[in-house]
Amino acid sequence: SIVAGDTATLDVLVASDSSDTLDIFLAEFQITPLSGDLDGLSFSQAQDYNYLNDSRYVFQGVSGAYRRWQSTGHNEPGAVAANQLSYSVADFTDDGTNLPLRGNSVPVTLSTTPFLLARLVVETTAGRSGNYRLDLSSDTAYTDFVDGGSMSLAFDSIPLNIVVTSSLSSVPEPPVFYC
């Protein structure tokens, strides 16, 4: 649960049940109101991109988005939609050569141990409550995981149900997406 009027940070994890490699990803997250107020939960316009340098981040040390963000001071890797019910984030591996253009790719091997894929900041509206689902878009134009051979990986996502209440009752588990 999240208390109405508060902000919450959710870590999104990625894992694989085989030895898939990941070189590029584009992920569109969507909030779907299930019941209650339609405007009770949204993505914050103020997303925190410091997770790009987190030791648990899937592309830590080889993140092209991190290199661009640090070298330019802008070019954030994500964008919140105008209605704040969808948020897209992307990254690719980069060995750091040929800045500010993309250098050589360095695909990362996924495992059953989850990696941090993204950190989402959501906010609630004071006085509003309801039940909401947070999930990945299934449209491959907006969500795609690409391996080291430039092939799209099949993936399953586990949606997160979020309850916005007037008082805190529990902390949600982070969503996990499996490739």
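Rules and cut-offs
Residues numbered from 1 in each chain as written. Predicted model: local features only at pLDDT ≥ 70, side-chain atom pairs only at ≥ 80, totals over all residues. Heavy atoms only, no water. Core = buried A, V, L, I, M, F, W, Y, C linked by side-chain atoms within 4.5 Å. Buried < 20%, exposed > 50% of the residue type's maximum accessible area, 1.4 Å probe, protein only. Helix = DSSP H or I, 4+ residues; strand = E, 2+ residues; numbered from the N terminus. Polar contact = N/O pair within 3.5 Å; in protein donor to acceptor, adjacent residues only side chain to side chain. Pairing = 2+ DSSP bridges.

S.K.: How should I be thinking about the nonpolar core in this particular structure?
M.R.: In a soluble, globular protein the nonpolar side chains are often hidden away together inside. Ranked by size, the top nonpolar core spans 40 residues in total, and within it Phe25, Phe29, Phe43, Val58 and Leu134 carry the most contacts. Where this core is concerned, the elements lending two or more residues are strand E2 (7-15), strand E4 (24-36), strand E5 (41-43), strand E7 (86-92), strand E9 (115-124), strand E10 (130-136) and strand E13 (160-165).

S.K.: Help me understand the side chain of Gln47, please; the structure alone is not making it clear to me.
M.R.: Structurally, Gln47 can be placed in the loop between E5 and helix H1 (64-72). Engagement of the side chain of Gln47 in a polar contact is seen with the backbone oxygen of Ser44, the distance being 2.8 Å. Within the structure, Gln47 has its side chain in polar contact with the backbone oxygen of Val121 (distance 2.8 Å).

S.K.: Any chance you could explain the pairing of E13 here in plain terms?
M.R.: Where strand E1 (residues 2-3) meets E13, two bridges bridge the pair, whose relative direction is parallel. For Ile2, the partnering residue across the bridge sits in E13 and is Val164. Sheet topology places E10 next to E13; five bridges connect them, and they run antiparallel. Across the sheet, residue Tyr132 finds its bridge partner in E13, namely Ile162.

Scope: geometric values only; no functional claims are made or implied.
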